Amino acid sequence: MAINKHNRVLITGGGTYLGINLASALLAEGIEVSLIIREGNENRLGLLESRVRWSVADVWDTASLKGRARGHGTVIHTVGSMVDDPAQGLTFNRLNVVSARNAASMCVSDGVQHFVLLSAVRAPWVNRKYVKAKREAEQHVRRIGLKTSIVRAPITYIRGTNRPAFYRMMTLLGSIPPLSWLHMGRMAPMPLDVMARGIARIAKNPPEKTEIYYAGHLRRLNKRDELRGHAPAMKAFDSLEDTAVPVNVLEEETPFGWSPPKNFEEEQ
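What you see is a predicted model; the values in this text were computed from it and never measured. (Residues numbered from 1 in each chain as written. Predicted model: local features only at pLDDT ≥ 70, side-chain atom pairs only at ≥ 80, totals over all residues. Heavy atoms only, no water.)

Draft legend 1. Local environment of the overall build of the protein chain. Regarding its fold elements, the protein chain presents 11 helices and nine strands. Taking all 268 residues of the protein chain together, 55% fall into the buried category. Once local pairs closer than 6 in sequence are excluded, the contacts in the protein chain between residues at least 24 apart make up 72%. In the structure as shown, the protein chain presents an accessible area of about 12400 Å², 52% of it carried by carbon and sulfur atoms. (Helix = DSSP H or I, 4+ residues; strand = E, 2+ residues; numbered from the N terminus. Buried < 20%, exposed > 50% of the residue type's maximum accessible area, 1.4 Å probe, protein only. Contact = heavy atoms within 4.5 Å. Areas by Shrake-Rupley, 256 points an atom, 1.4 Å probe, with all protein chains shown as cover.)

The following block contains the structure:
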């Protein structure tokens, strides 16, 4: 029986809190999920380990990525960081551009038809150099002609957690018309589960050509009860909640991504 690769999605950065929540959202949509995780992150998967395929690879080592995406219809690239450390060789370019370039090349060589790139929206509280690096990553995937869904997401938060008053206010303002119709609606913090569910549905029904998605698009891909956090589908997240360990930069107000260890250079 032929494999329906359109129903198979591969996530880079699969051992992060975002990767785990994305995997849960995809599973809730009936999609087969594969994860690329960093060596040593196997124990982060918890209950998810028995429900997905996973492999260890390094997005900065193109040889280790060879063939990883074969048989998949979509690759979701989550690797990146809004925090740099040039002393350790962790520049915004290396973390966000090079990783995306390598993941996109993997898609081309393995015949993947759809690439989802997690980018970032411009906001006063988001580092400009980080956003610039994400735009460079976007330009690269456009140049190589890969059909890409670019998700310019805002920073996210986990429902039920204590958040600074400033960000709570921004979330509120971003939900009130007419501010919600303007850029405020794009950059206001949003729940992580809403973003993950929206991205999962983009992966399930890829666009015909490269498209850019903002917070409003992600919200519209959620049902009303899902936006309120009362949807039955939330159970898919609850079952994994106690096994998902956030990484350093994935605190309540971090958009998404992967935080490299301090001894990153030693591991290469």
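Draft legend 2. Focus on a nonpolar patch on the surface. Taken together, the side chains of Leu-179, Trp-181 and Leu-182 make up a nonpolar region of the molecular surface, amounting to roughly 370 Å² of accessible area. With respect to the helices and strands, the residue Trp-181 is situated in the loop between helix 5 (165–173) and helix 6 (183–187). Its relative accessible area of 67% is what places Trp-181 among the exposed residues. (Patch = residues over 30% accessible without salt bridge, like charges linked within 9 Å, V, L, I, M, F, W, Y side chains within 5 Å. Salt bridge = Lys/Arg side-chain N within 4 Å of Asp/Glu carboxyl O.)

Draft legend 3. Focus on the environment of Gly-185. Secondary-structure assignment places Gly-185 in helix 6. By relative accessible area, Gly-185 is classed as buried at 4%. Sequence-wise, Gly-185 and Pro-154 are 31 residues apart; in three dimensions their C-alpha atoms are separated by 9.5 Å. Every residue in contact with Gly-185, bar those within four places of it in the chain, is listed here: Gly-174, Leu-179, Ser-180, Ala-215 and Arg-219.

Draft legend 4. Focus on the layout of surface pockets. Of the volumes computed, that of the largest pocket is approximately 430 Å³. Elements with a minimum of two residues in the lining of the largest pocket: helix 6, strand 8 (190–191) and helix 8 (215–220). Examining the composition of the lining of the largest pocket, we find that four residues originate from one element, helix 8, more than from any other. Its residues assigned to classes, the lining of the largest pocket comprises nine nonpolar, seven polar and four charged. (1 Å grid on protein atoms, 1.4 Å probe; cavity = no way out; pocket = protein on both sides within 12 Å on 5 of 7 lines; lining within 4 Å. Points joined across faces, edges and corners; volume = space filled by probe spheres on them. Nonpolar A, V, L, I, M, F, W, Y, C, P; charged D, E, K, R; others polar.)

Draft legend 5. Structural view of helix 5. Here helix 5 has its buried residues at Tyr-167, Met-170 and Thr-171. Buried residues along helix 5 cover an arc of 100° about the axis, so they all sit on one side. On the buried face of helix 5, the contacting elements are strand 7 (156–157) and helix 6. (Arc of directions from axis to C-beta.)

Draft legend 6. Spotlight on unusual backbone geometry. A cis amide bond links Pro-177 to the next residue, Pro-178, at an omega of 0°. Within the secondary structure layout, Pro-178 lies in the loop between helix 5 and helix 6.

Draft legend 7. Just the pattern of salt bridges, in detail. Using the criterion set out here, one finds 11 salt bridges in the structure. Residue Glu-29 is joined to Arg-201 by a salt bridge in which the shortest nitrogen-to-oxygen separation is 2.8 Å. Of this pair, Glu-29 sits in the loop between helix 1 (17–28) and strand 2 (32–37) while Arg-201 sits in helix 7 (residues 192–204), placing them 172 residues apart in sequence. What makes Arg-201 buried here is its relative accessible area of 15%. A salt bridge links Lys-204 to Glu-29; the nearest nitrogen and oxygen atoms lie 3.5 Å apart. Of this pair, Lys-204 sits in helix 7 while Glu-29 sits in the loop between helix 1 and strand 2; the two residues are 175 residues apart in sequence, bridging distant segments of the chain. When salt bridges that share partners are traced, they join Glu-29, Arg-159, Asp-193, Arg-197, Arg-201, Lys-204 and Glu-226 into one network.

Draft legend 8. Spotlight on the packing of helix 1 against helix 7. The interhelical angle for the contact between helix 1 and helix 7, taken along N-to-C directions, is 55°, at an axis separation of 8 Å. The pairing of helix 1 with helix 7 is recorded here as oblique in orientation. Viewed along their axes, helix 1 and helix 7 form a crossing whose handedness is right-handed. Contacts between helix 1 and helix 7 involve Tyr-17, Leu-18, Asn-21, Leu-22, Ala-25 and Leu-26 from the first element and Leu-192, Met-195, Ala-196, Arg-197, Ile-199, Ala-200 and Ala-203 from the second. Residues that form the contact of helix 1 with helix 7 fall into these classes: 11 nonpolar, one polar and one charged. (Axes fitted to C-alpha atoms, helices over the stretch in contact; angles between N-to-C directions. Parallel < 35°, antiparallel > 145°, perpendicular 65-115°, else oblique. Left-handed = near helix turned anticlockwise from the far one by under 90°.)

Draft legend 9. Quick peek at the pairing of strand 2. For strand 2, a buried count of five out of six residues is recorded, marking the element as mostly surrounded by other parts of the structure. Two elements, strand 1 (residues 8–12) and strand 2, share five bridges in a ladder whose sense is parallel. Counterpart to Ile-11 in the pairing with strand 2 is Leu-35. The parallel pair strand 1 and strand 2, bridged by helix 1, forms a crossover whose chirality is right-handed. One ladder, built from four bridges, connects strand 2 with strand 3 (residues 53–56); its direction is parallel. Paired with Ile-36 across the strands is Ser-55, a residue of strand 3. (Pairing = 2+ DSSP bridges. Right-handed = clockwise from strand over helix to strand, strands pointing away.)

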